[in-house]
Amino acid sequence: MSKRSDDLFDTLSETKRLVGDLEAPASEEFSLESILAEFGQGVAEPAQKQEETPPAPADPVEEESSCQEVPAEEPTPVENEAEEAAAPEEEPVRQEEPAPRRTKVLQFPQLFARTEEEPEETEPPAESEAPAEPEPAEEPVAEPETEEETKVSIEDVMARTVDAVLDDESDALLEERPPLTEQIGFWWANVKEKASELVGQFVPAAKTAVGSREEGFRREPDMEQAFRETKRRCKRLSRQLLFSALPLAVLLALTVIDTWFSSVLPPLWSAQVLLRCGVVGGLLLLTCLLATQVWREALRGLKEKQMTCEAASALQVLAVLGECVYGAVTGRMDYLPLAASAALLVWLCLLGRLLLSRAQRDAYRLMDLGGRPPYAVAVTSAGACKQKGRIDGFYSTFQRPDPAAVSQNILLPLLLSACTVLAGVVCIGGERMEEFLRVWSVLLTASLSLGLPLCGSLSVYCLQKRLGRSGCAVAGYAGARTVSDSKRMVLTDSDVFPPGTVSLNGLKIYGEEIGKVASYAATLARASGSQLQPIFEQLLTAEGGTHCAYDDLHFYEEGGVGITIRGESVTMGSEYFMRKRRVRLPQELKVKTGVFLAVDGQLIAIFAIKYQASRNVEWALRALRRSRIEPVLAVRSGNITPGLLKKRFGVDARPVYPDVSTRLALSNLSGETVEQANAVLYREGLMPFAEVVIGSRRCCRAVRRSTLLCWLGSLCGLLLGYYLTGVAAYSALSAGFVLLFTLLWLLPAVLLADLTRRY
């Protein structure tokens, strides 16, 4: 049933309800004229309501439509009349204040016979033809609905409401629970959000808003100024490191000899406590005086409300110097103070600052000499890809803290507090308050791992040293962290086959002039942005041709492109593409990497293209395979496929080969400019690109693992030191054994950082 028929049925039903309110004699039949006379202009409202509310003006269109004559052949609905005749007659009951009813105008089927395409012509009737208003007849009294009818309608409404509620509840009960992976993902996202808020309270750099990024870029110094400042800092740190190494070497030698070769020393050394404490304390104090940059960094961190490794080493030095003074004054010290471990920690703090400054110096020097970098590494949803480079943001990104610095700001206060509390517990519980400085220095020395100053700086230095030889630079750990977020790399045609590795090996023409073939091929290569454009441009120049005007550029999934030139359909692509397009090819075809040119479905030329493998690309593909990084082929040429890479390079890199629209979209990303300079490239080819991505992943992994191992060593040292001092086993806590223990926990940080540059 159509929509217009439904409207007609509703209208007639409304008419039935209105007519049912009247008391109709059983013998009288309703005629069309009586219905029009009574309901044509709408039911008149009671007199009281007419006085209170003025009637609304009737719609002229509805008045006109309601007054149209109905043909005699049109059947009128009689079903309502039969029902009215069968209904029992009841005395009308007049209500005191009947509610006003809004009636619908009666419309007849002939009005809906028109189609939607034919607009209705509604002209206002002439004054002469306007129907005269019927005389106001006696107003029918609206009979209220019976109790039974009202009860049924309410039950229907309630039933529908209950059914809807039950449906909703059943849907809620049958709703599937989210998968466990999604629940874990939501939980992990909440944990990361809470952790970032916690880190933001301790690290001011984490509170930097995204909107102030460009403002920070404008405040950055240029690369020449940054390089000069970093170079001066490196010279100052190198000089202090060299000078402080002399007393440190003497102190380490005395500690080793006193622990394992005490017979070599003169008897005066063992008999005089003042001599031992004075010499050891003096060497430690001299080392600290020569490493002034460490204390400057400690004061700067405290001013910024940050706890650094330099500040922790200062507390350790104070505890050891206090022990030396106490032993020299009282003369009751049979052991050597732990000055060697404290001096070594100060020297390693200085070394860590020097390594980080050298990494910055090398990166700034490369960017100062090269100017604006031609390429930079950006991370997209498809993976890491090369884009146009920029310098803005590189300096500020390099200054961001690494996980080692962030963890030190959070955990060092807890560690130092634990050392102090446990020292008090040991001394108070054992009633040995005179040994407080000894116990405190032991706990501080054992818990402060020597790898803490080198966790972040050593890995970044090794990575920058490796990338500097390839003409690349990474903006510290923050830049490497951004690059290493993706496990894929987007490779374009020039990445897989750099310029010089693709050449024209031959040409065969079928029934066309070479000038036309060169023009068509060069036009198609330029329109599609193909890697073969230089080859066809050289051929076009040699033949003296010109480019043609074209339209309707299309890329096909089978590995080809097509355009329209002068009304001719020109297509170019691989052999597989031509066979799919049903282009007739020679039977004995031996060109596997050829490019075929066809006009209107007829082959006109075959270009034999030679793809030569590059050693750098082969090394890069093998390195990507070992590092479990998937290459994504965003190539425009239909010949460059995973099979061709495996055949030419002998490496099954297992690349991802998306559809043609995705390949074109990813290929267009290379023409955009990166938002922020996290890693810059100054050389062509896939090898520098792969070194940056692989090296960044290794650097981030080494920093995280070495930081975790250092804190694990600190915890082990704290517990072991608390146990040995609690049982007063000072023979196992000699200066040599404690130094050996701390050096063993330094070894993982050094080995992991060295693996950063070996791939």
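Peer 1: Is there a simple way to explain the sheet that holds strand β7 (residues 560–565) in this structure?
Peer 2: Hydrogen bonds between backbone groups are what pair the strands of a sheet, and the pairing can be parallel or antiparallel. With antiparallel pairing, six strands are arranged side by side in an open sheet as β5-β10-β9-β8-β7-β6. In this open sheet, the two strands that pair with only one neighbour each are β5 (502–509) and β6 (551–556). When the angles between neighbouring strand axes are averaged without regard to direction, this sheet yields 15 degrees. In this sheet, strand β10 (residues 602–611) lies alongside strand β9 (residues 594–599) in antiparallel orientation, the contact comprising six bridges. When the bridges of β10 are listed, L597 appears paired with A605. Running at roughly 50 degrees to β5, helix α22 (residues 533–543) makes contact with β5, β8 (568–573) and β10 of the sheet.

Peer 1: Teacher, can you tell me more about the packing of aromatic side chains here?
Peer 2: How two aromatic rings sit relative to each other is given by the distance of their centres and the angle of their planes. Using the criterion set out here, one finds 11 aromatic pairs in the structure. Where F497 meets Y611, the ring centres are 5.0 Å apart and the plane angle is 55 degrees; that geometry is what we call tilted. Here the residue F497 occupies a position in the loop between α20 (493–496) and β5, and Y611 occupies one in strand β10, the gap between them amounting to 114 residues. Judged by its relative accessible area of 3%, Y611 is buried. For the pair F497 and F649, a centre-to-centre distance of 5.7 Å together with 35 degrees between the ring planes defines the contact as tilted. Residue F497 is located in the loop between α20 and β5, and its partner F649 is located in helix α25 (residues 642–649); the two are separated by 152 residues in the primary sequence. Using a relative accessible area of 0% as the deciding quantity, one classes F497 as buried. Aromatic rings pair up to connect Y364, F394, Y395 and F398 into one cluster.

Calculation rules
- Residues numbered from 1 in each chain as written.
- Predicted model: local features only at pLDDT ≥ 70, side-chain atom pairs only at ≥ 80, totals over all residues.
- Heavy atoms only, no water.
- Pairing = 2+ DSSP bridges.
- Helix = DSSP H or I, 4+ residues; strand = E, 2+ residues; numbered from the N terminus.
- Axes fitted to C-alpha atoms, helices over the stretch in contact; angles between N-to-C directions.
- Contact = heavy atoms within 4.5 Å.
- Phe/Tyr/Trp six-rings, centres within 6.5 Å; stacked < 30°, edge-to-face > 60°.
- Buried < 20%, exposed > 50% of the residue type's maximum accessible area, 1.4 Å probe, protein only.

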